[in-house]
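Structural description and commentary
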Amino acid sequence: MYRVFEALDELVTIVEEARGVPMTSSCVVPRGDTLELLDDIRDALPGEVDDAQDVLDKRDQLIQTARTEAAETISTANTEADRTVAEAQAEAERILADARARAEQMMSDAHDEAERMVAAGQAEFQNLTDRSRAESERMIQAGRDAYERAIEDGRAEQARLVSQTEVVQAAHGEAARIVDEAHVEADKQRSDCDAYVDGKLAEFSELLATTLRTVDSGRNHLRSPVNLPGNSRTSLYDYQS
């Protein structure tokens, strides 16, 4: 980029030292030197323009990468959350089924035992009527107590299973946290990318502004009438301002 300013300075010098055309604001400048300097300026500028385009391409690439990573993170978090919830629900259903089966078995056993004792009492009814009746009542009461205990155990197990839903809630909370972290990371990467591109564009804008000011200065010199008698430069090109 230094060559651009150097060539512009040389152009200004050529115009300032060019021999003026009498009665006009024109001057005579060497065609070859002027064209050579203009070619140098043209060759020096595209490199900076390409650098600016590279910055823009890099910005799009960074944004796309951040979006892809965020989408993958969210997808992974959702999959993990669904898997955790499904496992928790399956475990809760299994425990509940086991508790129901045990309660039903205990009730069935108590009922069978009561019936067995009633049958035994009836077989001895003739000889041990009072004893059989008392024993039957005792066993029936024992069966009722066992039944009530089974019911209480089943209710306690049910309450414990209800508390298992906290596992599901914790899984949902963890999934939400993972998704939030993914969004925060994506926003951070997008912000860093925008800041980087903005800084590069600001540098390029300042460079272009400086170049334009230099060119405008050169053009102002070209527009100024110059009449330098005795100028020894060879007149090769008549430049009209």
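Definitions and cut-offs
Residues numbered from 1 in each chain as written. Predicted model: local features only at pLDDT ≥ 70, side-chain atom pairs only at ≥ 80, totals over all residues. Heavy atoms only, no water. Helix = DSSP H or I, 4+ residues; strand = E, 2+ residues; numbered from the N terminus. Buried < 20%, exposed > 50% of the residue type's maximum accessible area, 1.4 Å probe, protein only. Areas by Shrake-Rupley, 256 points an atom, 1.4 Å probe, with all protein chains shown as cover. Core = buried A, V, L, I, M, F, W, Y, C linked by side-chain atoms within 4.5 Å. Salt bridge = Lys/Arg side-chain N within 4 Å of Asp/Glu carboxyl O. pLDDT = per-residue confidence, 0-100. Contact = heavy atoms within 4.5 Å. 1 Å grid on protein atoms, 1.4 Å probe; cavity = no way out; pocket = protein on both sides within 12 Å on 5 of 7 lines; lining within 4 Å. Points joined across faces, edges and corners; volume = space filled by probe spheres on them. Nonpolar A, V, L, I, M, F, W, Y, C, P; charged D, E, K, R; others polar.

Scanning the protein for helices and strands turns up four helices and three strands. With 241 residues in all, the protein has 23% of them scored as buried. Surface exposure of the protein reaches about 16500 Å², of which carbon and sulfur atoms provide 52%.

Ranked by size, the top nonpolar core spans 13 residues in total, and within it V4, L8, L11, C27, V29, L37 and I41 carry the most contacts. Taken together, the elements giving at least two residues each to this core come down to α1 (2–17), β2 (27–29) and α2 (31–123). Looking at this core element by element, the count peaks at six residues for α1.

Another point: the pattern of salt bridges. Overall, the coordinates contain 11 salt bridges when judged by the stated rule. For R94, the salt bridge is made with E91, and the minimal N-O distance between the two is 2.6 Å. With R94 and E91 both in helix α2 and three residues apart, the pair spans about one turn of that helix. Note on E91: relative accessible area 36%, which makes it partly exposed. For R94, the salt bridge goes to D98, with nearest N and O atoms at 3.1 Å. Residue R94 and its partner D98 are both found in helix α2; the two are separated by four residues, about one turn of the helix.

When pLDDT is averaged across the protein, the result is 78; 83% of the residues are at 70 or more. Strand β3 (residues 237–239) is the least confidently modelled element of the protein, averaging 38 in pLDDT, while helix α4 (residues 165–223) averages 83, the highest of any element. Low pLDDT (under 50) marks residues 231–241, which in the prediction has 31 contacts with non-local residues, meaning those over four places away or in another chain.

This part covers the environment of A142. Relative to the elements of secondary structure, A142 occurs in helix α3 (residues 129–163). Accessibility expressed as a relative area gives 32% for A142, which makes it partly exposed. Residues A142 and E113, 29 residues apart in the sequence, show an inter-C-alpha distance of 9.5 Å.

Quantified by volume, the second largest pocket comes out at close to 150 Å³. Together, L96, A99, R100, A103, E104, M107, G154, E157, Q158 and L161 line the second largest pocket. For the lining of the second largest pocket, the secondary structure elements donating two or more residues are α2 and α3. Top contributing element to the lining of the second largest pocket by residue count: α2, with six residues. Its residues assigned to classes, the lining of the second largest pocket shows five nonpolar, two polar and three charged.

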